[in-house]
Amino acid sequence: NTTLAEVSQQCGSSEPTVIRFCRHIGLSGFRELAIRLTEALSQPLSYVHNAVAADDAVSDAVTKVMDTSIQAFIELRAQLSSMPFETAIEAMVNSRQLAFAGLGASGHVASDASHKFFRLGIPCTTLTDSPKILQFAAIAQAGDVLVIISHTGRWGELLRAAQLASKNGATVIALTAPASRLAQEADIFFPCNTIEDTSVYTPMSSRLVQLAMLDALHVALTLSLGESAIAMLRNSKAALLKKY
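Before going further, it helps to examine the packing of aromatic side chains. A full pass over the atoms with the stated rule returns two aromatic pairs. Ring geometry for Phe-100 versus Phe-117: centroids 5.0 Å apart, planes at 45 degrees, classification tilted. Taken together, the residues span a long stretch of sequence, with Phe-100 in strand 1 (residues 97–102) and Phe-117 in helix 6 (residues 105–117) at a distance of 17 residues. Phe-100 sits in the buried class, given a relative accessible area of 0%. A residue is classified by how much of its surface remains accessible, and Phe-117, at 0% relative accessible area, is buried.

Attention shifts here to the pattern of salt bridges. Scanning the model with the defined rule gives five salt bridges in all. Between Glu-185 and Arg-181 there is a salt bridge whose closest N-O contact spans 3.9 Å. Remark: Arg-181 and Glu-185 occur in helix 9 (residues 181–185); sequence separation between them is four residues, near one turn of the helix. The salt bridge involving Glu-227 is made with Arg-234; its shortest N-O contact spans 3.5 Å. Given a relative accessible area of 47%, Arg-234 falls into the partly exposed group.

With that settled, the discussion passes to the nonpolar core. Ranked by size, the top nonpolar core spans 30 residues in total, and within it Val-147, Ile-173, Phe-190, Leu-214 and Leu-217 carry the most contacts. Contributing elements (two or more residues each) for this core: helix 4 (58–79), helix 5 (85–93), strand 1, helix 6, strand 3 (144–149), strand 4 (171–176), strand 5 (188–191) and helix 10 (205–225). Ignoring anything within four residues of it in the chain, the contact list for Val-147 reads Met-92, Ala-99, Phe-100, Ala-101, Ile-173, Leu-175 and Leu-214.

Definitions and cut-offs
Residues numbered from 1 in each chain as written. Predicted model: local features only at pLDDT ≥ 70, side-chain atom pairs only at ≥ 80, totals over all residues. Heavy atoms only, no water. Phe/Tyr/Trp six-rings, centres within 6.5 Å; stacked < 30°, edge-to-face > 60°. Helix = DSSP H or I, 4+ residues; strand = E, 2+ residues; numbered from the N terminus. Buried < 20%, exposed > 50% of the residue type's maximum accessible area, 1.4 Å probe, protein only. Salt bridge = Lys/Arg side-chain N within 4 Å of Asp/Glu carboxyl O. Core = buried A, V, L, I, M, F, W, Y, C linked by side-chain atoms within 4.5 Å. Contact = heavy atoms within 4.5 Å.

Structure (structure tokens):
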């Protein structure tokens, strides 16, 4: 709640210097610094999650699973203001086609996204195995948008696909771990920070986060496309009714 003047005075500095500091760390200005600090204070720490143990009662295990999923959404909500939704929507609005790529559990998320987005009238492709992902990236063109979904960002095939697609002029959007090579190679990057040991069990919280982010992108894209997209959704729904 401190004002810019108060911060500069307490730091023994000038107001322009405080603003330059904010911009130096990647913020638009002092107001965004206050917002980001508020978000950080309201974000619970991931290491307090309760892991399911082998000797847990069924009721305890179920509660822990639900609590972990809820926690994942709370942490996602705290990061939304810093995510590049506008940039991603701009690329999608002007796209020639959308391709959603993922391996393993993330492949199911890619399939779900393609099922949503194609109803907006944009050609969509689902890529859930390495040969298809690499081949699509190799023939991608400017105007194509490749959305790569990976909780860890460690798959070599996905990294290579991102590099090939970018080289060919396509836009690469990645939903992945911030510290991964895939995040660095992507043109547009959405951080997925869910703490989950994917080597022990099939991940769930990370998939929920990915699904929610893609659903938000779908809604935002629909609004950006306007009445034409709404008409597409209306017609696709009506096609399933006998009276269509």
